[in-house]
Amino acid sequence: IALALAVVGLSIPVVRHLREVPPPPPPALTFTLGVPPGAELGSGDEPLDAAVSPDGRRVVYVATRAGTTMLWRRELESDRAEPLAGTEGAQLPAWTAHSDAILFFANTHLRKLTLADASVSDLADAASPAGVSSLADGSIVFSPMTTGVIRRMQGQTLTDATTLRSGDRAHVFPFSTGRGNDFVYTAVGETGRRTVRLVRDGEEHDLG
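The structure reproduced in this document is the subject of the present report.

Rules used throughout
- Residues numbered from 1 in each chain as written.
- Predicted model: local features only at pLDDT ≥ 70, side-chain atom pairs only at ≥ 80, totals over all residues.
- Heavy atoms only, no water.
- Helix = DSSP H or I, 4+ residues; strand = E, 2+ residues; numbered from the N terminus.
- Buried < 20%, exposed > 50% of the residue type's maximum accessible area, 1.4 Å probe, protein only.
- Contact = heavy atoms within 4.5 Å.
- Areas by Shrake-Rupley, 256 points an atom, 1.4 Å probe, with all protein chains shown as cover.
- Pairing = 2+ DSSP bridges.
- Axes fitted to C-alpha atoms, helices over the stretch in contact; angles between N-to-C directions.
- Core = buried A, V, L, I, M, F, W, Y, C linked by side-chain atoms within 4.5 Å.

**A short note on the overall build of the protein**
For step 1, the next point in the chain: Helix and strand counts for the protein come out as 1 helix and 17 strands.
For step 2, the next point in the chain: Relative to its 208 residues, the protein shows a buried fraction of 36%.
For step 3, the next point in the chain: Pairs at least 24 apart in sequence give 29% of the contacts found in the protein among residues at least 6 apart.
For step 4, the next point in the chain: Split by element, the accessible area of the protein, about 12400 Å² in all, is 55% carbon and sulfur.

Okay, here's the thing in structure tokens:
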């Protein structure tokens, strides 16, 4: 009898849980990335060069007006964008992990625009850049050249974040996975073959 009562008692919350209706998914956000007045999206052959902030509230993108390329920022709830001073020549923007700053390349440098005071600072040399991303611990991984490895910046310290394997020519376009300090990148081989790799806990794994 005691066992039967225990089974019945445990079955009540199970049945209630099965009857619960799951909450509806959040509504999809659809918007048009309009061109600022008198400007064109992107620069040169790159029609779209943009990044959405980790909090999902803002987008920053490259646009060219009067021959000058710079970053524009727009709140997703707004239909207007604003140019960001000090970002002339910008390309390949990326947000920091806490959405408080924007990383970008300009004039052979990796730069950082701090949104709180609108200050722009040079972080590192990048002669022919190929991507940047911010990790959870505040460090930055970036590709300063279209040949060579991904570099990692922690404070003022620069180290190699990847290692060239036999047949590798370049490691490019690092991108945080959102899980700790894991990130993926594209390895370009001497033959032109491209392989996506995951860096997790200091180890690199081929994904495809």
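**Here we look at unusual backbone geometry**
For step 1, the next point in the chain: For S99, which is not glycine, the phi torsion reads 60° and is therefore positive.
For step 2, the next point in the chain: Checked against the element boundaries, S99 lands in the loop between β6 (91-95) and β7 (101-106).

**Re the sheet that holds β7**
For step 1, the next point in the chain: Spatially, β6-β7-β8-β9 is the arrangement adopted by the 4 strands of the open sheet, whose pairing is antiparallel. Both outer strands of the open sheet, β6 and β9 (119-125), are each paired with one neighbouring strand and no more. Each neighbouring strand pair of the sheet contributes to a mean axis angle of 25°, computed without reference to strand direction.
For step 2, the next point in the chain: Strand direction decides the pairing type here: β7 and strand β8 (residues 109-114), joined by 6 bridges, are antiparallel. Within the sheet, the bridge partner assigned to A101 lies in β8 and is T114.

**As for the nonpolar core**
For step 1, the next point in the chain: Ranked by size, the top nonpolar core spans 11 residues in total: A51, V60, V62, L71, L84, A90, W95, I102, F104, A106 and L113.
For step 2, the next point in the chain: Among the elements of the structure, β3 (58-65) and β7 are those that each provide at least two residues to this core.
For step 3, the next point in the chain: With 3 residues, the top contributor of residues to this core is β7.
For step 4, the next point in the chain: Filtering out sequence-adjacent residues up to four positions away, W95 remains in contact with A51, V52, S53, P54, R58, V59, V60, R73, A101, I102, L115 and S134.
For step 5, the next point in the chain: One finds L103, F105, A124 and M153 within the second-largest nonpolar core, a separate group that totals 10 residues.

Read these as spatial facts, not as claims about activity.
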